[in-house]
Amino acid sequence: MGFRLQSILRASVTSRQAAAKSVEVPKGYVAVYVGEKQKRFVVPISYLNQPLFQDLLNQAEEEFGYDHPTGGLSIPCNEVVFQRITSRLNGL
């Protein structure tokens, strides 16, 4: 998982650097885009180690590969589901 996660993050950083600098992501966080409307969420990078979030990353890899043109990770799930997952992660 470590190699794939590093590849996803490297692709995300490259895309983010290429994107407009108008929307910065604080250190220690990563931007993710969720749902059909690609709503932007900024989540702590600590989520990347959580099994629930890793399942989302695996789905993203299957659907998008390592190309995330939004400048952040695109997560192929419903916004409501994503918010439920992140609220559970907040409670850990």
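Refer to the preceding data block for the structure.
The structure reproduced in this document is the subject of the present report. All values derive from a computational prediction rather than experimental measurement.

What about the pairing of strand E1 (residues 29-34)?
Most of E1 is tucked away, with five of its six residues classed as buried. Note that E1 and strand E2 (residues 39-44) share six bridges and pair antiparallel. By the bridge assignment, Val32 is partnered in E2 with Phe41. Counted along the chain from E1 to the antiparallel partner E2, the turn is four residues long, and its residue Gly35 has a positive phi close to 80 degrees.

What about helix H2 (residues 51-64)?
An ideal rise of 1.5 Å per residue puts 20 Å on 14 residues; H2 measures up with 20 Å between its terminal C-alpha atoms. Among the residues of H2, those classed as buried are Phe53, Leu56, Leu57, Ala60 and Glu61. The arc that holds the buried residues of H2, viewed along the axis, is 145 degrees, so those residues lie on one side. Exposed positions of H2 whose direction lies more than 90 degrees from the buried face are Pro51, Glu62 and Glu63.

Details of the sheet that holds E1
Pairing within the open sheet is mixed, and its three strands lie in the order E2-E1-E3. Two strands close off the open sheet at either side, each with one partner strand: E2 and strand E3 (73-75). The average angle at which neighbouring strand axes cross in this sheet is 35 degrees, direction not considered. The pairing of E1 with E3 spans three bridges and is classified as parallel. The residue bridging Val34 from the neighbouring strand is Ile75, located in E3. Packed onto the sheet, H2 meets E1, E2 and E3 and runs at close to 95 degrees relative to E3. Its contacts with the sheet put helix H3 (residues 79-90) on E1 and E2, and the angle it makes with E2 is roughly 15 degrees.

Some remarks on the packing of aromatic side chains
In total, this model carries three aromatic pairs according to the counting rule given. Centroid distance Tyr47 to Phe53: 6.0 Å. Interplanar angle 55 degrees. Geometry classified as tilted. Exposure remark for Tyr47: the relative accessible area of 6% places this residue in the buried category. Ring geometry for Phe53 against Phe82: centres 6.2 Å apart, planes inclined by 65 degrees, an arrangement best described as edge-to-face. Of the two residues, Phe53 is situated in helix H2 and Phe82 in helix H3; the sequence distance between them amounts to 29 residues. A relative accessible area of 0% places Phe53 in the buried class. Among the aromatic residues, those joined into a cluster by ring pairs are Phe41, Tyr47, Phe53 and Phe82.

What counts, and where the lines are drawn
- Residues numbered from 1 in each chain as written.
- Predicted model: local features only at pLDDT ≥ 70, side-chain atom pairs only at ≥ 80, totals over all residues.
- Heavy atoms only, no water.
- Buried < 20%, exposed > 50% of the residue type's maximum accessible area, 1.4 Å probe, protein only.
- Helix = DSSP H or I, 4+ residues; strand = E, 2+ residues; numbered from the N terminus.
- Pairing = 2+ DSSP bridges.
- Expected span 1.5 Å × (residues − 1).
- Arc of directions from axis to C-beta.
- Axes fitted to C-alpha atoms, helices over the stretch in contact; angles between N-to-C directions.
- Contact = heavy atoms within 4.5 Å.
- Phe/Tyr/Trp six-rings, centres within 6.5 Å; stacked < 30°, edge-to-face > 60°.

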